[in-house]
Amino acid sequence: ARRILAVSRRASWRGPAAAAEQRRSKAATERATMLAARAARTLARRAPVAAARAPVQAARRPVSYDSMYKTMLKNNTSQVTFVVAGAIVFELIYGSATEALWSAANEGKLVEHVDWSKWSADDDDDDEDDD
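So, here is what we can say about the structure in this document. All residue numbers refer to position in the chain's written sequence, counted from 1. Totals for whole chains, interfaces and linings use all residues, but because this is a predicted model, local features are given only for residues with pLDDT of at least 70 and pairs of side-chain atoms are given and counted only at 80 or more. As a rule here, side-chain values come from all non-hydrogen atoms in the structure, and water together with hydrogens is ignored.

**Structural notes on the pattern of salt bridges**
Each salt bridge in this description consists of a side-chain nitrogen of Lys or Arg and a carboxyl oxygen of Asp or Glu lying within 4 Å of one another. Evaluated as defined, the whole model comprises 1 salt bridge. Between Lys 70 and Asp 66 there is a salt bridge, with the nearest N and O atoms lying 3.3 Å from each other. Placement of both Lys 70 and Asp 66 in helix H3 (residues 66-72) is noted, with a separation of 4 residues, approximately one turn of the helix. Whether a residue is buried, partly exposed or exposed follows from its accessible area with a 1.4 Å probe, protein chains only, as a fraction of its type maximum: under 20%, in between, or over 50%, in that order. For Asp 66, a relative accessible area of 40% puts it in the partly exposed group. For helices the rule is a DSSP run of H or I covering at least 4 residues; for strands it is a run of E covering at least 2, with both sets numbered from the N terminus onward.

Following this line, the structure appears as structure tokens:
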């Protein structure tokens, strides 16, 4: 038993530098705890004031997906119809938006932007005279 006690005493003694480091660590922990407690007390004092300043919002009715489920998702055929119709609507909107962006980015460069009134119709008659 004496031998175990001697070994444990040797293992626990780390020297004066380790003891000083342990005291500094303990002091830093105590300071951090003190600052956290002070911040918590400050927030606890300010919370009722902030709550009193906040505007009272009207109670909102929770969203119920029950009607959507009953109409669109109850059986497989309605689900497939909903998905296909959604894909068609999304494609129409997305296609229109990308076409508008492409046309705006390439203004004056596309066939749709050519002013065909500047071209004369007399040029087509030259081919017929060669016969």
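The rest of the description comes next.
**As for the packing of aromatic side chains**
Pairing of aromatic side chains requires ring centres within 6.5 Å, counting the rings of Phe and Tyr and the six-membered ring of Trp. Pairs whose planes differ by under 30 degrees are stacked, by over 60 edge-to-face, and all others tilted. In the structure shown here, the tally under the stated rule is 1 aromatic pair. Here Phe 90 and Tyr 94 contribute two aromatic rings whose centre-to-centre distance is 5.7 Å and whose plane-to-plane angle is 15 degrees, an arrangement assigned as stacked. Taken as a pair, Phe 90 and Tyr 94 lie in helix H4 (residues 76-105) at a separation of 4 residues, close to a single helical turn. Residue Phe 90 is classed as exposed on the basis of its relative accessible area of 54%. Tyr 94 sits in the partly exposed class, given a relative accessible area of 48%.

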